[in-house]
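Below are the chains, spelled out letter by letter.
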Amino acid sequence: MDGGAGFWIFIAALVVGGMWSDARKKAEKHETLRRIVEKTGTIDEARLKELFSDENPEVKPGYSYRGLRVAGTIVLFLAAGIATFFLVAAGLGKLFGTMEMFRNITGLVVGLAVSAGIAVVGLGLFFSSRFATPPSAAGTEPPTR
C-alpha cells in the first residue's frame, strides 16, 4: 500500500468516527428524554429545548471568525516561509553547485508552485472569515488595565 492510499484511509476513518460520534450523542439525548418521561411523566419544554438545541453555550460569537483569521494568517506565513526556503536553496544550489534538485529550474518551480497552493488555501481561510459571525463590538477593543 502506498502513502496516498494510507492517507485516504485515514481521512475516511476520521469521517466515519465523526459520524459515529454524532450518532451516539443523538442516541444519548433521546435516551435522556425517555428517562425523564419515565420518571416524571411530563415533558418540560425548557428542558427539551435545552437538550435538543444544537447551540453550544461555551462558544462565544466571533469565535470561528477569529479562528479563521488566525488560521489563514498562519497558513499564509507558512507559504511565505516555504517560498523563501526554495528561493534561498535555489540560489545556494546555483552558487555552490550542490543540491542536484536546485541545479535546474524544475525544483524551484515545483517549490514555488507548492507554496502558491498553500497561500491560496490561507487566503481562502482568511476570506471565509467574512461569512462567519463577527465578534461583538465590545470584544474588538484592547483590554484595559
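Being a predicted model, the structure only gives us computed values, none of them experimental.

Colleague: Would you mind showing me how to read the packing of aromatic side chains here?
Modeller: For any two aromatic rings, the description comes down to two numbers: the centre-to-centre distance and the angle of the planes. In this structure the tally under the stated criterion is 3 aromatic pairs. Judged by centre distance (5.0 Å) and plane angle (75°), the ring pair of Phe-7 and Trp-8 falls under edge-to-face. Where Phe-127 meets Phe-131, the ring centres are 5.7 Å apart and the plane angle is 80°; that geometry is what we call edge-to-face. Arg-69 extends its terminal NZ or CZ atom over the ring of Phe-126, reaching a point 4.5 Å from the ring centre.

Colleague: In this structure, what is going on with helix H4 (residues 105-128)? I would like to understand it.
Modeller: Side chains that are three or four residues apart share a direction in an α-helix, a result of its 3.6 residues per turn. Spanning 24 residues, H4 covers 34 Å between terminal C-alpha atoms, matching the ideal 34 Å at 1.5 Å per step. Of all the residues in H4, the buried ones are Gly-107, Leu-108, Gly-111, Ser-115 and Gly-122.

Colleague: Sorry, what's going on with the confidence of the model for the chain here?
Modeller: One rule of thumb: low pLDDT means the predicted coordinates there are not for detailed reading. The pLDDT averaged across the chain works out to 80; a share of 80% of its residues lies at or above 70. Helix H2 (residues 45-52) is the least confidently modelled element of the chain, averaging 74 in pLDDT, while H4 averages 87, the highest of any element.

Rules behind the numbers
- Residues numbered from 1 in each chain as written.
- Predicted model: local features only at pLDDT ≥ 70, side-chain atom pairs only at ≥ 80, totals over all residues.
- Heavy atoms only, no water.
- Phe/Tyr/Trp six-rings, centres within 6.5 Å; stacked < 30°, edge-to-face > 60°.
- Lys NZ or Arg CZ within 6 Å of the ring centre and 35° of its normal.
- Helix = DSSP H or I, 4+ residues; strand = E, 2+ residues; numbered from the N terminus.
- Expected span 1.5 Å × (residues − 1).
- Buried < 20%, exposed > 50% of the residue type's maximum accessible area, 1.4 Å probe, protein only.
- pLDDT = per-residue confidence, 0-100.

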